[in-house]
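Structure at a glance
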Amino acid sequence: MNQSLPGASPPPLAGVRVVEFCQVAAGPFCGLLLADFGAEVVKVEPLEGDGLRQWPPINDGFSENFASLNRSKKSVALDLKDPGHREFARALVLEAHVLVENNRPGVMDRLGLGWESFREARPNLVYCSISAFGQSGPRASGGGFDLTIQAAAGVMSVTGEPEGPPVKCGVPVSDFTAGLYAAFSIASMLARVRAGGPGGHLDVSMFATTLAIGALQTSEFFGTGNSPGRLGSAHPRNAPYQAFRARDGWFAVAAGNDRLWRAVCEVVEMPELMEDPRFTSTLLRAHNQTVLKDLLEARFAGADCADWLLRFESAGVPNSPINDYERALADPQSIHLKLVRDMHLPGGAHTRTVACPVWIDGAPVEVDTRPPLLGEHAQALRAELATRDREVAL
């Protein structure tokens, strides 16, 4: 659990206990965000463990993928079809403030761990269900992974080159969008509970949250009646605003307004472009961006990326090299933000991870980066519950 430094304010979710019945990505990412902000997160795993524990890279027998989404959590391994194990899980929830689960709709009900089974005994409980399509509706029973949700929610239709095949976003955006919405919704509900209101059941759909972050694309459809298409790295309403090829590689430039457009023309020493009737407004530049790209790349071919980036930086035009993850993690801004932290896996192996990206009061949120061994905390939690039962009996 996130520990505050001596003399520092406690983390925002200090004192909140979360029981997480989740595997792989969307649910565990939600739990990770809550843990980063101080919640105690107890991860209930099947006896064989969260499937993510088997994903490479494996370091000293431990999955670094699993570690990245499950730092600072506690682990309990249970067979929820076993009455005794299920009763232990129920006891954990009755002592908790939040339950997060990402099973198919109906699974938790069949196990006797659904929202209805807790709402009277624990009316202040915030119960969050994350699923592919939601808890009700014609597709509620369907499963889904990030790929299929990106396909269903429109992301793949706007990703990739115009004449190329559909491709997914390289980052599992549907998984993590659902986790973000879930964590935000849980924090909002906890604020209601702390103000004296009731808990409740949150229904977070990967399909719905992925559609929701496509606000610019859906508004384009509502406004024009046409579904937006693939533009590669280009933008439907701004130009030049994409990746360009220079003599030795690629870089990105984003001239999102007329002032920046004029700066681009000055940098490339092509003032005639400002008078070209094809490019005299943002709308016209976007409409004719293929022609504009060809004209600019003919000039960019005369120098290397680093040279052009320096020129655009001096002119105040937003720009960037096309970083791989090694370069992005080593960026001076990443170092300043203290994003990369040491991580010690349970077996003793050392690695690194990207920690919480948020700062509070001028400093990064401090997190415990260690992930749990499978079932590591079951004995201690059982003992804790037994002690509380004895105290109640007295």
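Residues numbered from 1 in each chain as written. Predicted model: local features only at pLDDT ≥ 70, side-chain atom pairs only at ≥ 80, totals over all residues. Heavy atoms only, no water.

What follows concerns unusual backbone geometry. For the bond running from proline 56 to proline 57, omega is 5°, close enough to zero to count as cis. Note that proline 57 resides in the loop between strand 2 (40–45) and strand 3 (58–59). The linkage connecting alanine 239 with the following residue, proline 240, adopts the cis geometry, with an omega of -5°. In this model, glutamate 269 sits at a positive phi of 55°, which is unusual for a non-glycine residue. We note that lysine 338 has phi near 55°; this positive angle belongs to a residue other than glycine. Here lysine 338 shows up in the loop between helix 15 (332–336) and strand 12 (340–344). (Helix = DSSP H or I, 4+ residues; strand = E, 2+ residues; numbered from the N terminus.)

Ordered in space as 5-2-1-6-7-8, the six strands form an open sheet in which the pairing is parallel. Among the strands making up the open sheet, the edge pair consists of strand 5 (74–77) and strand 8 (200–205). Across the sheet, the axes of successive neighbouring strands diverge by a mean angle of 20°, strand direction being ignored. Sheet topology places strand 6 (residues 98–101) next to strand 7 (residues 126–131); four bridges connect them, and they run parallel. When the sheet's bridge partners are listed, glutamate 101 is paired in strand 7 with serine 129. (Pairing = 2+ DSSP bridges. Axes fitted to C-alpha atoms, helices over the stretch in contact; angles between N-to-C directions.)

Moving on: the pairing of strand 1 (residues 17–21). With respect to burial, strand 1 is a largely interior element, five of its five residues being buried. On strand 1, burial covers both faces: Arg17, Val19 and Phe21 on one face and Val18 and Glu20 on the other are all buried. Bridge count for strand 1 against strand 2 is four bridges, and the pairing is parallel. Following the sheet pairing, valine 18 is matched in strand 2 by valine 41. This β-α-β element, strand 1 to helix 1 (residues 26–36) to strand 2, shows right-handed connectivity. The sheet contact formed by strand 1 and strand 6 spans four bridges and is parallel. Opposite glutamate 20, over in strand 6, you have valine 100 as the bridge partner. (Buried < 20%, exposed > 50% of the residue type's maximum accessible area, 1.4 Å probe, protein only. Right-handed = clockwise from strand over helix to strand, strands pointing away.)

In short, the description is geometric, and any link to function would need to be established separately.
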